[in-house]
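# Remarks on the overall topology
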Amino acid sequence: PVKTFKVLPLKYAPSSPPSVLSCVGVLGATGQQGGAVLQALVAKGVSVVAITRNPSSEKAKALAGLPKVEVRKADLDDQRSLEAAFSGCDGAFVVANFWEGMNPNKEMKQ
């Protein structure tokens, strides 16, 4: 069977996409995928908001020391924390954490 998903309105998107991204929010910035995206964006001169559940972790502290990187706290199960974390970003890299609980339904909800 095919699953269908509700698409949420892009109420935070700019009315016209920027020609150059100035700030990108990156979920999973302390992990391999998000970390690689963060490094590539910073290398291109793009500011990055590294979004993590634990900004006091060693990996998050190391990211906070990089130029053009700001670390913010958010939880994938808390929409308001995500809205606050992505505030001011004009782009996003999003990855869910399947391995936390190994529950495909939870991953899809996130």
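Calculation notes
Residues numbered from 1 in each chain as written. Predicted model: local features only at pLDDT ≥ 70, side-chain atom pairs only at ≥ 80, totals over all residues. Heavy atoms only, no water. pLDDT = per-residue confidence, 0-100. Helix = DSSP H or I, 4+ residues; strand = E, 2+ residues; numbered from the N terminus. Contact = heavy atoms within 4.5 Å. Buried < 20%, exposed > 50% of the residue type's maximum accessible area, 1.4 Å probe, protein only. Arc of directions from axis to C-beta. Polar contact = N/O pair within 3.5 Å; in protein donor to acceptor, adjacent residues only side chain to side chain.

## Concerning the confidence of the model for the protein chain
Confidence in the prediction of the protein chain, expressed as mean pLDDT, is 81, and 70% of residues score 70 or more. Between the elements of the protein chain, mean pLDDT differs from a low of 60, seen in helix H4 (residues 104-109), to a high of 98, seen in strand S3 (residues 69-73). The low-confidence segment residues 3-10, where pLDDT is below 50, has two contacts with residues more than four positions distant or belonging to other chains.

## As for helix H3 (residues 79-86)
Those residues of H3 lying buried are Ser-81, Leu-82, Ala-85 and Phe-86. When H3 is viewed along its axis, its buried side chains cluster within an angular range of 125° and face the same direction. In this structure, H3 carries Gln-79, Arg-80 and Ala-84 as exposed residues pointing more than 90 degrees from its buried face. In the core, the buried residues of H3 are packed alongside strand S1 (23-27), strand S2 (47-52), S3 and strand S4 (91-93). A distance of 3.2 Å separates the backbone nitrogen of Arg-80 from a side-chain oxygen at the start of H3, and that oxygen is part of Asp-78.

## Quick look at the environment of Cys-23
Secondary-structure assignment places Cys-23 in strand S1. Spatially, the C-alpha atom of Cys-23 lies 5.4 Å from that of Val-48, the residues being 25 residues apart in sequence. Discounting residues that sit within four places of it in the chain, Cys-23 has contacts with Val-46, Ser-47, Val-49, Gly-88, Cys-89, Asp-90 and Gly-91.

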